[in-house]
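Listed below are the residues making up each chain.
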Amino acid sequence: MATTTYTVTGMTCGHCVSSVKQEIGKIDGVNSVDVDLASGLVRVDSATELADTDIAAAVDEAGYELAV
């Protein structure tokens, strides 16, 4: 099991949080996604190590950006 934390920019409300959680949750191997709106931190628990490009694509699909 792997846990990785990312920072997502542009989220301003609960709907933003839901969108990010939903898109990241679609990635194969993701077990859970926790999003802290105030800090923009997103913690992803997964069965294996995930590619940052997959996370970035999911965040982009939700309409936000993964901070680098």
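Everything that follows concerns the structure shown earlier in this document.
Here goes a summary of the coordinates provided. Quick caveat, the model's predicted, so the values are computed rather than measured. (Residues numbered from 1 in each chain as written. Predicted model: local features only at pLDDT ≥ 70, side-chain atom pairs only at ≥ 80, totals over all residues. Heavy atoms only, no water.)

### What about the overall build of the chain?
(1) Moving on: Broken down by element type, the chain carries two helices and four strands.
(2) Moving on: The helix and strand sequence of the chain, counted from the amino end, reads β-α-β-β-α-β.
(3) Moving on: Taking the principal axes of the C-alpha coordinates as reference, the chain spans close to 30 × 20 × 20 Å.
(4) Moving on: Relative to its 68 residues, the chain shows a buried fraction of 38%. (Helix = DSSP H or I, 4+ residues; strand = E, 2+ residues; numbered from the N terminus. Buried < 20%, exposed > 50% of the residue type's maximum accessible area, 1.4 Å probe, protein only.)

### Re the sheet that holds strand 2 (residues 30-36)
(1) Moving on: Taken in spatial order, the four strands of this open sheet run 2-3-1-4, and their pairing is antiparallel. A single partner strand is all that each edge strand has here, and the edge strands are strand 2 and strand 4 (65-66).
(2) Moving on: As judged from the six bridges shared by strand 1 (residues 2-9) and strand 3 (residues 41-46), these two strands associate in the antiparallel manner. Each residue of the ladder has a partner; that of A2, found in strand 3, is S46.
(3) Moving on: Packed onto the sheet, helix 1 (residues 14-25) meets strand 1, strand 2 and strand 3 and runs at close to 160 degrees relative to strand 2. (Pairing = 2+ DSSP bridges. Contact = heavy atoms within 4.5 Å. Axes fitted to C-alpha atoms, helices over the stretch in contact; angles between N-to-C directions.)

### Thoughts on the nonpolar core
(1) Moving on: Counting 20 residues, the largest nonpolar core has V8, V20, I24, V42, I55 and Y64 as the members making the most contacts within it.
(2) Moving on: Contributing elements (two or more residues each) for this core: strand 1, helix 1, strand 2, strand 3 and helix 2 (52-62).
(3) Moving on: Those residues in contact with V8 that sit more than four places away from it in its chain are V20, G40, V42, V59, Y64, E65 and L66. (Core = buried A, V, L, I, M, F, W, Y, C linked by side-chain atoms within 4.5 Å.)

### Concerning the state of the cysteines
(1) Moving on: Per the counting criterion, the structure on display carries zero disulfides.
(2) Moving on: Not engaged in a disulfide, the cysteine C13 finds its nearest cysteine sulfur in C16; these two sulfurs lie 3.4 Å apart. (Disulfide = S-S within 2.5 Å.)

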